[in-house]
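# Understanding the architecture of this molecule
Each chain, letter by letter, is given below.
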Amino acid sequence: MRLPDALKEAAEAYRRWILECLPIGKELLYLSQDHVKQVPLTPAEVLDLTEKALIAYSAQKVDMPSKIALHPLADTFFHAMPAYVPEQFVAGIKWGSCYPRNREQFGVPQAQGLILLSDHLSGLPLAVMDCKYITELRTAAVTYTAIKYLAPKNVETFGMIGCGVEGRQHVRNILSVLPGLKTIYVYDIFEKAADALIADLQPCIGAQIVKAASYEALVKNTQVIASATIASEGYNPVIKDEWIEKGKTILLCEGHTLYEDPVFKRADKYIVDSREQVEQFVQYGFYPFGHPVIHAETGEVAAGKVRGRENTEELIIANNFGMAVDDMFVVRAIFDRALEHRIGVRLPL
Ligand SMILES: NC(=O)c1ccc[n+]([C@@H]2O[C@H](COP(=O)([O-])OP(=O)(O)OC[C@H]3O[C@@H](n4cnc5c(N)ncnc54)[C@H](O)[C@@H]3O)[C@@H](O)[C@H]2O)c1
């Protein structure tokens, strides 16, 4: 995909602005996870950027080749995730990994990685930054975008399965998209993770957070259910099809790991962030029974091109596995504001 002629002048003006803060070609900006966290960016801004990213992707305004994947151990992966967004003047790549046993083996979160941002006019590197916090912000924001268009109105109960990095971020600002929530049920196979989520987040959340006794209790008691646990290649579902009633909205961060396959096949609407990516993951063995008929991409629904929820009876499942473009919209904002606020360390090239 090329930079449209109409955007060339603006792209050059943006590059001149960067040059006032950073000598492109001589230095790059390094942002650690702490630096990224220091950058002022509100949850509402992250949600807006992420929704725009999903819409831009589905409108084919983004150059985003499929993820290149390595799978060194069972259930682990490295993903090389490049994207170029001409309208944002952003070109970059995330080199991210997921190692689900990292916490028990090495005492660190399963998702790790770095992002490299480059100047799309010269190809020179602009920044290297930690990807963990950016991933955390944008993954929850993708789920929130799906909830905006797919959940019924006046939802009072939300369930979160998996209380790690992503689960906590999902719960943190959930009232921004489900303002009528009264109860949030949480469940984690590592019970202490659920306890810690409640202890840390309950003081700042205006809904009661309750530890669910089981998967069954959680799914039966909640209208909207999100999960962020382990992306597994195998088929060991723990949530039975028969527990899921019509009318629910189910949001997946880790593919089909948790649920019995028939629930996907009987959903009234099955929505994904990227059709192309689903096909790619079939090749990697992630959908051993094949994927359901895809109703739409999340970005098509957010753009109003395809209808989201149409009545309270629909069972709707959104499977958003994450895309480089989600990162890049946030990365551009983080980079600009880090320069403005002189956050980060400059490294010689
Ligand atoms: N869709 C995306 O864009 C995206 C982005 C980042 C991470 N992810 C995925 O989200 C998932 C969670 O990532 P994270 O960074 O929060 O990891 P994490 O290790 O911080 O947290 C995962 C939590 O899930 C719990 N868990 C594991 N298996 C479970 C199960 N079967 N039932 C209930 N709880 C279980 C763990 O005990 C842990 O507390 C991973 O699968 C990761 O691949 C998706």
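Given the structure is predicted, the values throughout are model-derived calculations rather than measurements.

## Focus: the site of the ligand
As a matter of local geometry, the ligand sits amid 27 residues, with Arg103, Arg138, Glu166, Asp188 and Tyr215 nearest to it. Here an oxygen atom of the ligand sits 2.9 Å away from a polar atom, N or O, in the main chain of valine 165. Contact with the protein chains covers 90% of the free accessible surface of the ligand, which is 860 Å². Mapped by element, the contributors of at least two residues to the shell around the ligand are helix 5 (132-150) and helix 6 (165-172). Here the shell around the ligand takes three residues from helix 5, the largest share from any one element. Per-class residue counts for the shell around the ligand are 14 nonpolar, eight polar and five charged.

## Notes on the pattern of salt bridges
Taken as a whole, this structure holds 24 salt bridges when the rule is applied. Its salt-bridge partner being aspartate 327, residue lysine 94 comes within 3.2 Å of it at the nearest N-O pair. A residue pair is termed long-range when its members are at least 10 positions apart, and lysine 94 in strand 4 (residues 90-98) and aspartate 327 in helix 12 (residues 324-340) qualify at 233 residues. With respect to class, lysine 94 is no different from aspartate 327; both count as buried. Connected through salt bridges with shared partners, the residues Lys269, Arg307, Glu310 and Glu314 form a single ionic network.

How each quantity is defined
Residues numbered from 1 in each chain as written. Predicted model: local features only at pLDDT ≥ 70, side-chain atom pairs only at ≥ 80, totals over all residues. Heavy atoms only, no water. Near = heavy atom within 4 Å. Polar contact = N/O pair within 3.5 Å; in protein donor to acceptor, adjacent residues only side chain to side chain. Areas by Shrake-Rupley, 256 points an atom, 1.4 Å probe, with all protein chains shown as cover. Helix = DSSP H or I, 4+ residues; strand = E, 2+ residues; numbered from the N terminus. Nonpolar A, V, L, I, M, F, W, Y, C, P; charged D, E, K, R; others polar. Salt bridge = Lys/Arg side-chain N within 4 Å of Asp/Glu carboxyl O. Buried < 20%, exposed > 50% of the residue type's maximum accessible area, 1.4 Å probe, protein only.

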